[in-house]
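# Structural overview for review
Letter by letter, the chains look like this.
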Amino acid sequence: MHKWIMFVVFTAAAVLGIYLLTFNMPEKPVEEELPEGVSRMTIEAYSDFTFNKEVFTAKVGDKVIMKLTNKSGVHGIHIDELQVALDNDTPETELEFTEPGEYEIYCSVPCGAGHTTMKAKLIVEAA
Ligand SMILES: [Cu+2]
């Protein structure tokens, strides 16, 4: 009788262990391979109507994958002059900066009281 119970308990524990190993391992951060010469520019948006930086910088000639990450709330970003329009459905785009200048990044999804002032700057410096 005891042996039988031990067998059931052991089997259940083994099955649970295998299940946890298979389905519940903490996801490893996947470090995506970026194409040669391309860097990542991540713009994080928060529900207090801010981005992770007030000013993002780059140089003419830089190639970046610009990515929007909504850390809290639902936001989008537009940069009109660069035809950038990112949101949860299309969170990233590849860009090459060709013109120096100061570009306005603004939230494109009505997200609350601070929406109209939810802005940041992208400064592209001459190479
Ligand atoms: Cu907004």
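Above this note sits the structure.
Quick summary incoming for the structure in this document. (Residues numbered from 1 in each chain as written. Predicted model: local features only at pLDDT ≥ 70, side-chain atom pairs only at ≥ 80, totals over all residues. Heavy atoms only, no water.)

## Quick look at the coordination of the copper ion
Working reference: metal with six octahedral donors, ideal angles 90 or 180 degrees; metal with four tetrahedral donors, ideal angle 109.5 degrees. For clarity, the cut-off: Water is absent from the atoms considered, so a metal site may look incomplete; donors are defined as N, O and S atoms within 2.8 Å of the metal, or 3.2 Å for Na, K and Ca. In this scheme the shape depends on donor count and angles: four donors with every angle between 85 and 135 degrees give tetrahedral, four or six donors with opposite pairs above 155 degrees and others between 65 and 115 give square planar or octahedral in turn, and any other case is irregular. Burial classes: relative accessible area under 20% of the type maximum marks a residue as buried, over 50% as exposed, and values in between as partly exposed (1.4 Å probe, protein chains only).
The protein atoms that coordinate the copper ion are Cys107 (SG), Val109 (O), Cys111 (SG) and His115 (ND1), at distances of 1.9 to 2.4 Å. The site at the copper ion holds four donor atoms, and with the angles between them running 88 to 122 degrees, its shape is tetrahedral. Donor residues for the copper ion sit on one chain with the sequence pattern C-x1-V-x1-C-x3-H. Take Cys107 and His115: they sit in the same class, and that class is buried.

## Here we look at unusual backbone geometry
With phi around 65 degrees, Phe49 is a residue other than glycine that occupies positive phi space. The backbone of Gln83 shows a phi angle near 55 degrees, a positive value even though the residue is not glycine. Looking at Gln83, the relative accessible area reads 69%, which means it is exposed.

## Quick notes on the pattern of salt bridges
Oppositely charged side chains can pair when the atoms bearing their charge come close. This is how it is decided: What makes a salt bridge here is a side-chain nitrogen of Lys or Arg within 4 Å of a carboxyl oxygen of Asp or Glu, nothing more. Strands are runs of DSSP state E lasting at least two residues, helices are runs of H or I lasting at least four, and both sets are numbered from the N terminus onward.
Summed over all chains, the structure comprises four salt bridges. The partner of Lys59 in a salt bridge is Glu125, and the shortest N-O contact between them spans 3.9 Å. One end of the pair, Lys59, is in strand E2 (residues 55-59); the other, Glu125, is in strand E8 (residues 119-125), with 66 residues separating them in the sequence. Residue classification places Lys59 among the partly exposed residues on the basis of a relative accessible area of 41%.

## A closer look at the side chain of His115
Under the convention used in this document: In what follows, a contact means two residues having at least one pair of non-hydrogen atoms within 4.5 Å.
Here His115 is to be found in the loop between strand E7 (101-107) and E8. Among residues more than four places away in sequence, those in contact with His115 are Phe49, Cys107, Ser108, Val109 and Pro110.

## Focus: the sheet that holds strand E6 (residues 92-96)
Which entries qualify depends on this criterion: A pair of strands is treated as paired once DSSP finds two or more bridges between them. Axis definition: a line fitted to C-alpha atoms, limited for helices to the stretch in contact. Angles are taken between N-to-C directions and run from 0 to 180 degrees.
Strand order in the open sheet formed by three strands is E1-E3-E6, with mixed pairing between adjacent strands. The outermost strands of the open sheet, each flanked by one partner alone, are strand E1 (38-45) and E6. The average undirected angle you get between the axes of adjacent strands in this sheet is 25 degrees. As paired strands, E1 and strand E3 (residues 63-70) are joined by eight bridges and run parallel to one another. Paired with Val38 across the two strands is Lys63, which belongs to E3.

## Things to note about the sheet that holds E7
One open sheet accounts for five strands, arranged E2-E8-E7-E4-E5; its pairing is mixed. The open sheet has two edge strands with one neighbour each: E2 and strand E5 (84-86). Along the sheet, successive strands turn relative to each other by an average axial angle of 20 degrees, direction set aside. Of the pairings in the sheet, the one linking strand E4 (residues 77-79) to E7 comprises two bridges and is antiparallel in character. Opposite His78, over in E7, you have Tyr106 as the bridge partner.

## Considerations on a nonpolar patch on the surface
For clarity, the threshold we go by: Residues forming no salt bridge and having over 30% relative accessible area are the ones grouped into patches, like charges within 9 Å of each other and nonpolar side chains (Val, Leu, Ile, Met, Phe, Trp, Tyr) within 5 Å. Computed with the Shrake-Rupley method and a 1.4 Å probe, the accessible areas treat only the protein chains shown as cover for residues.
A grouping of Trp4, Ile5, Phe7, Val8 and Val9 is seen on the molecular surface, where their side chains present a nonpolar patch of about 520 Å² in accessible area. Positionally, Phe7 belongs in helix H1 (residues 2-23).

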